[in-house]
Amino acid sequence: MSKTNILQHLAIIMDGNGRWAKMREKARTQGHKVGAETVRAITTYCAKHETIETLTLYAFSTENWKRPKMEVSFLMKLLDNYLTNELDTYMELGTRFETIGDLSPFSPKLKKTIEKTKEATKKNTKLVQVLALNYGSRDEIVRAANRVIADKKVLTEESLSAALDSPYSDIDLLIRTSGEQRLSNFLLWQLSYSELFFTETLWPDFSPQELEKIIENFQLRDRKFGGI
Ligand code: FPP
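In what follows, the accompanying structure is described. Just so it is clear, the structure is predicted and the values come from calculations on it, not from any experiment. (Residues numbered from 1 in each chain as written. Predicted model: local features only at pLDDT ≥ 70, side-chain atom pairs only at ≥ 80, totals over all residues. Heavy atoms only, no water.)

1. Digging into the pattern of salt bridges
Enumeration according to the criterion identifies 16 salt bridges in this entry. A salt bridge links D15 to R176; its shortest N-O distance comes to 3.0 Å. Here D15 is found in the loop between β1 (9-13) and α1 (17-23), whereas its partner R176 is found in strand β5 (residues 173-176), with 161 residues between them in sequence. Take D15: its relative accessible area is 17%, and that puts it in the buried class. Classification of R176 by relative accessible area gives buried; the value is 5%. Among the ionic pairs, D151 bridges to K153, the shortest N-O distance being 3.9 Å. (Salt bridge = Lys/Arg side-chain N within 4 Å of Asp/Glu carboxyl O. Helix = DSSP H or I, 4+ residues; strand = E, 2+ residues; numbered from the N terminus. Buried < 20%, exposed > 50% of the residue type's maximum accessible area, 1.4 Å probe, protein only.)

2. Some remarks on the site of the ligand
Of all residues adjacent to the ligand, which total 16 residues, the nearest are D15, G18, R19, R28 and R67. N17 has a polar backbone atom sitting 3.2 Å from an oxygen atom of the ligand. In this structure, G18 approaches the ligand through a main-chain N or O atom, which is 3.0 Å from an oxygen atom. Out of a free accessible area of 620 Å², the ligand has 91% covered by protein chains. Among the cavities detected, the one that contains the ligand is the largest pocket. (Near = heavy atom within 4 Å. Polar contact = N/O pair within 3.5 Å; in protein donor to acceptor, adjacent residues only side chain to side chain. Areas by Shrake-Rupley, 256 points an atom, 1.4 Å probe, with all protein chains shown as cover. 1 Å grid on protein atoms, 1.4 Å probe; cavity = no way out; pocket = protein on both sides within 12 Å on 5 of 7 lines; lining within 4 Å. Sits in = over half its atoms within 2 Å of the grid points.)

3. Brief notes about the nonpolar core
Counting residues in hydrophobic clusters, the biggest one holds 40 residues, and the most contacted among them are L10, I12, C46, I175 and L211. Examining the composition of this core, we find that seven residues originate from one element, helix α3 (residues 69-85), more than from any other. Filtering out sequence-adjacent residues up to four positions away, I12 remains in contact with I42, L55, T56, L57, Y58, L174, I175, F186 and W203. Judged by nonpolar contacts, the second largest core, of 14 residues, contains I13, Y58, L174 and F186. (Core = buried A, V, L, I, M, F, W, Y, C linked by side-chain atoms within 4.5 Å. Contact = heavy atoms within 4.5 Å.)

4. Examining the packing of helix α2 (residues 28-48) against α3
Helix-helix packing is characterised by the crossing angle of the two axes and by the distance between the axes. Put simply, α2 and α3 touch, their axes get as near as 10 Å, and they point 30° apart. Taken as axis vectors, α2 and α3 run roughly parallel relative to one another. In the crossing of α2 with α3, the sense of the turn from one axis to the other is right-handed. The segment α2 lies against α3, with R28, T29, H32, K33, A36, V39, R40 and T43 engaging M70, E71, F74, L75, L78 and Y82. Tallied by class, residues from the contact of α2 with α3 come to seven nonpolar, three polar and four charged. (Axes fitted to C-alpha atoms, helices over the stretch in contact; angles between N-to-C directions. Parallel < 35°, antiparallel > 145°, perpendicular 65-115°, else oblique. Left-handed = near helix turned anticlockwise from the far one by under 90°. Nonpolar A, V, L, I, M, F, W, Y, C, P; charged D, E, K, R; others polar.)

Here it is in structure tokens:
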């Protein structure tokens, strides 16, 4: 008998903005700008999807600070503008905005926009969009372990899971765009039993149509969760 997997939590490593721009002889920042439009299109698709409850997107890693200063500040401004301009769309689509990662190094202005968006969208129930910002999985696990120790609890899978930044369900499907086949320190704990999908498409060219095809592929996979 054939069974269909239910997709509740989708995570995406959005990769290839720089290469997309380079191929068009444009500045890397142009790739990020078009990439932000893809974020909007994919979030809209997920909010309207019947079973997807959580969409986690890798927007800025703990390693991304190593990029040229100008690119980093462009990404910060792009994020601030995106959150400000998209508020109506978050509300229309019933999307709650959340983050994972250590927000402490961000500017007071960006932190304020992030908090404002979280507060304004906190009652929305159709989809949770989680942006990973200054996120690194090892960093998250170490901070979680320290929280468990500080609370004088016994370190178990359950207590560690509960102390992570992301109190969301385990991830069902991870997609990475641009042909790279790496996890790059993304959600190592939460991806333990995820299905993985790698596409050659660069993030600015990624579309809801392609996502739909990947979901069809995911639905037919044989998920074993360590069993037989
Ligand atoms: C990877 O492409 C992308 C990033 C490091 C940043 C992701 C940012 C966006 C998709 C746009 C803004 C996001 C939001 C939420 C508004 P890369 O620069 O590493 O590409 P490359 O590997 O081709 O150089």
